[in-house]
Amino acid sequence: MDNTLDLHFTVDGSDFTLAGETSSKVKKTLNQLGFNPAVVRRVAIAMYEGEINMVIHANGGTIDVQISPERIVAYLRDTGPGIPDVEKAMQEGYSTATNKVRELGFGAGMGLPNMKKYTDEMEIETTVGEGTTVKLVINVQQA
């Protein structure tokens, strides 16, 4: 693999049963490309958490992934309500999910903290009323 592979996905925010499809497709692609399983796992977990957040809070969005031999970068973009207090949202257990979402087993307030935990870099750009972009970077270290 000499260059960057760019992938683009649309996340459907209206159907919980589809949440996780994008992270599964990226995981499959990384496995097919021969990436270290530990790297694949980190990417899959961070992206899954972000994808679930997009469905819960923002009615979906888009995910762009850039795969290179050195690193994997994912941009998760939505046009949802934005995050009023990023610092608070980064606290484990803090959630603005509805009771309906919690009844489905989501909304425990671990999405953003887990995204940060499983990535080497995470940047959040958010504007209340306009949406959020989260950049996830996972460096590919050779095992």
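Counting from 1, residues in each chain are numbered in the order their sequence is written. In keeping with the model being predicted, local features are shown solely for residues with a pLDDT of at least 70 and side-chain atom pairs are shown and tallied solely at 80 or more, while totals for entire chains, interfaces and linings include all residues. Side-chain numbers here rest on the full set of heavy atoms in the structure, without hydrogens or water.

A. Representation of the pattern of salt bridges within the structure. When a carboxyl oxygen of Asp or Glu is within 4 Å of a side-chain nitrogen of Lys or Arg, the pair counts as a salt bridge. Evaluated as defined, the whole model comprises two salt bridges. Residues aspartate 120 and arginine 42 are paired through a salt bridge, measuring 3.1 Å at the closest nitrogen-oxygen approach. One end of the pair, aspartate 120, is in the loop between α5 (111-117) and β4 (121-127); the other, arginine 42, is in helix α2 (residues 37-58), with 78 residues separating them in the sequence. Three labels apply to residues, based on accessible area from a 1.4 Å probe with only protein chains included: buried if under 20% of the type maximum, exposed if over 50%, partly exposed otherwise in between. The class for aspartate 120 is partly exposed, based on a relative accessible area of 35%. For arginine 42, a relative accessible area of 17% puts it in the buried group. In this structure, the salt-bridge partner of arginine 77 is aspartate 64, at a minimum N-O distance of 2.8 Å. Of this pair, arginine 77 sits in strand β3 (residues 71-78) while aspartate 64 sits in strand β2 (residues 60-67), and the two are 13 residues apart along the sequence. A run of H or I in DSSP counts as a helix once it spans at least four residues, and a run of E counts as a strand once it spans at least two, with each numbered from the N terminus.

B. Quick peek at the nonpolar core. The definition of a nonpolar core used throughout is a set of buried Ala, Val, Leu, Ile, Met, Phe, Trp, Tyr and Cys residues joined through side-chain atoms within 4.5 Å. Counting 33 residues, the largest nonpolar core has Val26, Leu30, Val43, Met47, Val65, Ile72 and Leu136 as its most contacted members. Of all the elements in the fold, those that place two or more residues in this core are β1 (5-12), α1 (21-32), α2, β2, β3, α5 and β5 (131-139). Per-element tally for this core: the top contributor is α2, with nine residues. Here a residue-residue contact requires only that any non-hydrogen atoms of the pair lie within 4.5 Å. When residues no more than four places from it in sequence are discounted, the contact partners of leucine 30 are Phe35, Val40, Val43, Ile67 and Ile72.

C. Local environment of α1. Under the convention used throughout, the expected extent of a helix is 1.5 Å for every residue step, that is, one less than its residue count. Between its terminal C-alpha atoms α1 stretches 17 Å, which fits the 16 Å expected from twelve residues at 1.5 Å a residue. Buried residues of α1: Thr22, Ser23, Val26, Thr29 and Leu30, and no others. In a view along the axis of α1, the buried residues occupy a sector of 125°, so they form one face of it. Exposed positions of α1 whose direction lies more than 90 degrees from the buried face are Lys28 and Gln32. Along its buried surface, α1 packs onto β1, α2, β2 and β3. Directly after α1, the chain includes glycine 34, whose backbone phi takes a positive value near 85°. What the arc describes is the spread of directions from the helix axis to the C-beta atoms.

D. Here's a closer look at the packing of aromatic side chains. Pairs were defined over the aromatic rings of Phe, Tyr and Trp, the Trp ring being its six-membered one, requiring ring centres within 6.5 Å. Orientation was assigned from the angle between planes: stacked under 30 degrees, edge-to-face over 60, tilted for the rest. On inspection of all chains with the given rule, the structure shows one aromatic pair. Between phenylalanine 16 and phenylalanine 106, the aromatic rings sit 5.2 Å apart at their centres with planes inclined by 20°, giving stacked as the arrangement. Of this pair, phenylalanine 16 sits in the loop between β1 and α1 while phenylalanine 106 sits in the loop between α4 (99-103) and α5; the two residues are 90 residues apart in sequence, bridging distant segments of the chain. For phenylalanine 16, a relative accessible area of 26% translates into the label partly exposed.

E. Up close: α2. With 22 residues, α2 extends 30 Å between its outermost C-alpha atoms, agreeing within 8% with the 32 Å of an ideal straight helix rising 1.5 Å per residue. Where burial is concerned, most of α2 is hidden: 16 out of the 22 residues are buried. What qualifies as a polar contact is a pair of N or O atoms within 3.5 Å, subject to a donor-acceptor requirement within protein and to the restriction that residues adjacent in sequence count only when both atoms come from side chains. The opening residue of α2 is asparagine 36, an N-cap whose side-chain oxygen sits 2.7 Å from the backbone nitrogen of alanine 38. Backbone geometry just after α2 places asparagine 59 at a positive phi near 60°.

F. Looking closely at the side chain of threonine 132. With respect to the helices, strands and loops of the structure, threonine 132 is situated in strand β5. A distance of 2.8 Å separates a polar atom in the side chain of threonine 132 from a polar atom in the side chain of threonine 126. Ignoring sequence-local partners within four residues, the contact set of threonine 132 consists of Leu76, Arg77, Asp78, Gly82, Ile83, Ile124, Glu125 and Thr126.

Shape descriptors only; they carry no functional weight alone.
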